[in-house]
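# A look at the structure
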Amino acid sequence: MDATILDEVAWRIDLPKLKQQLGIKEGSSYAVEAEGMAARAEAIGSPKAMYKASLIESRGEDHVVIEGQTFQSRVMAVNLEKVHRVFPFVATCGVELEELSSAFTTVLAKFWADAIKGLALGASILALLEHIKEQHHPGDVSMMSPGSIESWSLSEQRALFSVLGAPEDSIGVELMESCFMKPSMSASGMWFPTEH
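A few points on the structure. Since we're looking at a predicted model, the values are computed, not measured.

### So, the pairing of strand β6 (residues 85-92)
Across the 8 residues of β6, 7 count as buried, placing the element largely inside the fold. In the sheet, strand β2 (residues 48-51) pairs with β6 via 4 bridges, with the strands oriented antiparallel. Opposite Met-50, over in β6, you have Val-90 as the bridge partner. For strand β3 (residues 54-59) and β6, the ladder comprises 2 bridges, and the chain directions are antiparallel. Looking at the pairing, Ser-54 lines up with Val-86 of β6.

### Some words on helix α2 (residues 29-44)
For α2, spanning 16 residues, the distance from its first C-alpha to its last is 23 Å, which sits close to the expected 22 Å at 1.5 Å a residue. Within the sequence span of α2, burial applies to Ala-31, Ala-34, Met-37, Ala-38 and Ala-41. In a view along the axis of α2, the buried residues occupy a sector of 130°, so they form one face of it. Those residues of α2 that are exposed and aimed more than 90 degrees away from the buried face are Ser-29, Val-32 and Ala-43.

### Some thoughts on the side chain of Lys-19
As for its position among the elements, Lys-19 is in helix α1 (residues 15-22). With a relative accessible area of 4%, Lys-19 lands in the buried category. At a separation of 2.6 Å, a polar atom in the side chain of Lys-19 contacts the side chain of Glu-35.

Conventions we followed
- Residues numbered from 1 in each chain as written.
- Predicted model: local features only at pLDDT ≥ 70, side-chain atom pairs only at ≥ 80, totals over all residues.
- Heavy atoms only, no water.
- Buried < 20%, exposed > 50% of the residue type's maximum accessible area, 1.4 Å probe, protein only.
- Helix = DSSP H or I, 4+ residues; strand = E, 2+ residues; numbered from the N terminus.
- Pairing = 2+ DSSP bridges.
- Expected span 1.5 Å × (residues − 1).
- Arc of directions from axis to C-beta.
- Polar contact = N/O pair within 3.5 Å; in protein donor to acceptor, adjacent residues only side chain to side chain.

Rendered as C-alpha cells:
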C-alpha cells in the first residue's frame, strides 16, 4: 500500500491566542508586527503530512519488523505486543514557512516565527490523526516518536523514512545525517491502537 499524502491541510492562526502566547499587548506596535507576520504566514504557509497504514510482520522482545524494516526498541515491542497495524508518519509546518522564518534576523522575530510554525505543525498533525481515524477506524490511539523515549533511538528515523518512501519528495521533509529533520518544525513517529 502506498503512503497517503495530505498536502492541502487547512489552517488558520488564532490571532488573539497567538498574541497571548507571545505575551504581546493588544494595540501595541508589537501587535501590529505580529499580525503582519501572521498574515504573511497564512498566505504562503502549506502544512503537510504523510502516513502509511502498515502491518507488523514479526516481533521479538526488543524489536518489531514493519514493511521489511526492523525497529529496535524494547518499549516499542511492549507497546505493540497486541497490535497488528500501525501508522508511521511524518508531519511538517512546510518548507514555505521554513523559508519565511529564515529571512528574519532578530531573535524576537525568529521566536514569533517559530511559534507560528508550531501552529502549522499542530494543524498538520491534527489533520493526519483525523484522516487516520476516518479512513482506518483504529479506535483509541497513542503515538511514539524516535528519540522521544529512551529505548527508541533517533537513528531509527532512517527506518521510519524508508517505510514511508520519500518524505522529501512528497512533502518536503529532509532527513539530515544527524537524523534531525528539515524543516526543523516537523514531527515523525507511529500512531498505534491502544486500550490505554
